[in-house]
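Letter by letter, the chains look like this.
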Amino acid sequence: MTVKFLLTASSAMLLLAAPLAAEDPVGVPPSAPAGWSAPKTEWGDPDLRGTYPLDQVGRTPMQRRPQYGSRLLMTEEEYREALTAAAEVEAGADREDASNSLGAGNWFEYGTALRQTALIVEPAETGRIPELTDEGKRRQQTMGSSWKGQVFEGLEDFNSLDRCITRGMPASMVPFPYNNGVRIFQAPGWVVINHEMIHEQRFIPLDGRGQPPTGYTTWLGSSRGHFEGDTLVVETTNFNGLSPMVIVGPSNGTAGIPTSTSMTIVEHFTPGPDGLYYEAWVEDPVILTGGFKIGYPWRRNNAYAPFEYACHEGNTLIWANIRSTSPRYAKWREENEREMAERLEAGNDSGG
């Protein structure tokens with residue numbers, strides 16, 4: 001078991017043993033303690049640097065589950081059950097190690113849960129992404145993914161995560177079943193956000209430059225930042241509309257949610273004694289009938305050690321899925337299976 005497994009599991013057990021006092025109001029940064037002030041960098045900006053593993057909230061869903069209705073917070077009993085379930089999943093690696101087996105327990109690193117019922121805090125009455133527009137529904141039907149596909153013909157049948165490009169936005173800023181490390185670096189005039197997943201970086205200039213011209217688009221959009229007091233405000237536009245807002249599979253939306261080039265995201269990173277409070281307002285009028293807001297704490301843990309994210313070297317998942325399912329490769333599969341059968345037979349005949 002790795003250090004980050006131990007840290008996360010022990011954190012969950014500490015929470016289980018502690019009283020479940022009500023949290024600060026959901027969806028806004030907590031009040032700073034009396035006498036506390038945000039540290040500054042050597043050049044005078046608020047110091048946001050550090051490692052913030054999102055597995056500290058990894059069992060909190062992005063969208064509110066129906067059983068919570070319009071509630072922003074779980075009851076004490078519900079929260080204890082959520083923490084117990086998180087600890088049970090987190091102990092999976094130990095159980096598999098003890099039984100000399102390998103499975104999902106050594107794969108998943110969800111971590112623990114918040115008491116809030118979802119990472120989405122607005123619209124408060126639902127805690128869910130608003131309904132899709134007609135165009136959003138149309139595009140959703142064409143979204144491909146290795147999580148839902150049965151037959152693969154080409155790149156359009158895979159999403160950007162399958163292709164080792166990006167999880168997209170805002171998906172990259174919410175927890176995943178594993179590789180949840182997020183690191184923030186700063187230099188004069190710059191903030192850089194580094195993700196353990198795919199090892200992608202967001203470079204955010206603070207010098208007041210404008211956005212690139214319309215038509216210049218990227219997978220993660222173009223971000224521009226500035227400080228309002230101690231809070232870093234980041235405005236991102238110029239998305240290419242090719243990455244998902246919510247991916248198919250383990251991201252709280254099995255159907256996936258697409259994006260368009262009209263998507264805009266405004267984020268706030270507000271420092272506190274133990275880390276940051278993260279907020280993101282997401283709008284995409286082409287895809288969604290309304291906007292939504294994500295809000296939750298990032299706890300600093302500089303002992304967390306991100307792993308290498310090698311993805312699949314040479315994009316083997318892509319061509320392997322195509323060759324193993326596409327009718328275009330039926331003859332190739334038949335020949336391959338026949339060749340393998342002949343090799344097995346020859347081996348049996350020789351006593352090998």
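Remember, it's a predicted structure, so these values are computed and weren't measured experimentally. (Residues numbered from 1 in each chain as written. Predicted model: local features only at pLDDT ≥ 70, side-chain atom pairs only at ≥ 80, totals over all residues. Heavy atoms only, no water.)

1. Some remarks on the sheet that holds strand S8 (residues 264-272)
Right, on to step 1. Read from one edge to the other, the open sheet built from 6 strands follows the order S2-S10-S9-S8-S7-S6, with strand pairing classed as antiparallel. The sheet is open, and its two edges are formed by strand S2 (120-122) and strand S6 (222-228), each paired on a single side. The average undirected angle you get between the axes of adjacent strands in this sheet is 25°. (Pairing = 2+ DSSP bridges. Helix = DSSP H or I, 4+ residues; strand = E, 2+ residues; numbered from the N terminus. Axes fitted to C-alpha atoms, helices over the stretch in contact; angles between N-to-C directions.)

2. Side note on the pairing of strand S3 (residues 182-187)
Right, on to step 1. Residues Val182, Ile184 and Gln186 of S3 are buried on one face, while the alternating residues Arg183, Phe185 and Ala187, pointing to the opposite face, are not.
Right, on to step 2. Pairing analysis gives 2 bridges linking strand S1 (residues 50-51) to S3, with the strands arranged antiparallel. Bridge pairing links threonine 51 to arginine 183 in S3.
Right, on to step 3. Sheet topology places S3 next to strand S4 (residues 190-195); 6 bridges connect them, and they run antiparallel. Paired with arginine 183 across the bridge in S4 is asparagine 194. (Buried < 20%, exposed > 50% of the residue type's maximum accessible area, 1.4 Å probe, protein only.)

3. Digging into the packing of aromatic side chains
Right, on to step 1. Inspection of the entire model under this criterion finds 8 aromatic pairs.
Right, on to step 2. Where phenylalanine 176 meets tyrosine 178, the ring centres are 5.0 Å apart and the plane angle is 80°; that geometry is what we call edge-to-face.
Right, on to step 3. Look at tyrosine 178 and you get buried, because its relative accessible area is 15%.
Right, on to step 4. Ring pairs connect the aromatic residues Tyr52, Phe269, Tyr278, Tyr296 and Trp298, which therefore count as one cluster.
Right, on to step 5. Over the ring of tyrosine 110 we find arginine 59; its NZ or CZ atom is 5.4 Å from the centre of that ring. (Phe/Tyr/Trp six-rings, centres within 6.5 Å; stacked < 30°, edge-to-face > 60°. Lys NZ or Arg CZ within 6 Å of the ring centre and 35° of its normal.)

4. Section: helix H5 (residues 316-325)
Right, on to step 1. Every buried residue of H5 is listed here: Ile318, Asn321 and Ile322. Considered in projection along H5, the buried side chains sweep an arc of 95° and stay on one side of the axis. (Arc of directions from axis to C-beta.)

5. Comments concerning the confidence of the model for the protein
Right, on to step 1. Chain-level pLDDT for the protein is 88 on average; 90% of the residues reach the 70-or-more range.
Right, on to step 2. Here residues 1-21 is modelled with pLDDT under 50, and outside its nearest four sequence neighbours on either side it reaches 41 contacts, counting other chains as well. (pLDDT = per-residue confidence, 0-100. Contact = heavy atoms within 4.5 Å.)

6. Quick look at the environment of leucine 220
Right, on to step 1. Summarising the element assignment, leucine 220 is placed in the loop between strand S5 (201-205) and S6.
Right, on to step 2. Take leucine 220: its relative accessible area is 12%, and that puts it in the buried class.
Right, on to step 3. The sequence separation of leucine 220 and serine 172 amounts to 48 residues, and the corresponding C-alpha distance is 9.0 Å.
Right, on to step 4. Leave out the neighbours within four places in its chain, and leucine 220 touches Thr166, Gly168, Met169, Ser172, Glu200, Gln201, Arg202, Thr236 and Phe239.

7. Describing empty space enclosed by the protein
Right, on to step 1. Applying the stated criterion across every chain yields a total of 1 cavity of 30 Å³ or more.
Right, on to step 2. Approximately 70 Å³ is the volume attributed to the largest cavity.
Right, on to step 3. In terms of lining, the largest cavity is formed by Leu54, Arg167, Ser172, Asn179, Asn180, Gly181, Val182, His195, Glu196, Met197 and Glu200.
Right, on to step 4. Residues that form the lining of the largest cavity fall into these classes: 3 nonpolar, 5 polar and 3 charged. (1 Å grid on protein atoms, 1.4 Å probe; cavity = no way out; pocket = protein on both sides within 12 Å on 5 of 7 lines; lining within 4 Å. Points joined across faces, edges and corners; volume = space filled by probe spheres on them. Nonpolar A, V, L, I, M, F, W, Y, C, P; charged D, E, K, R; others polar.)

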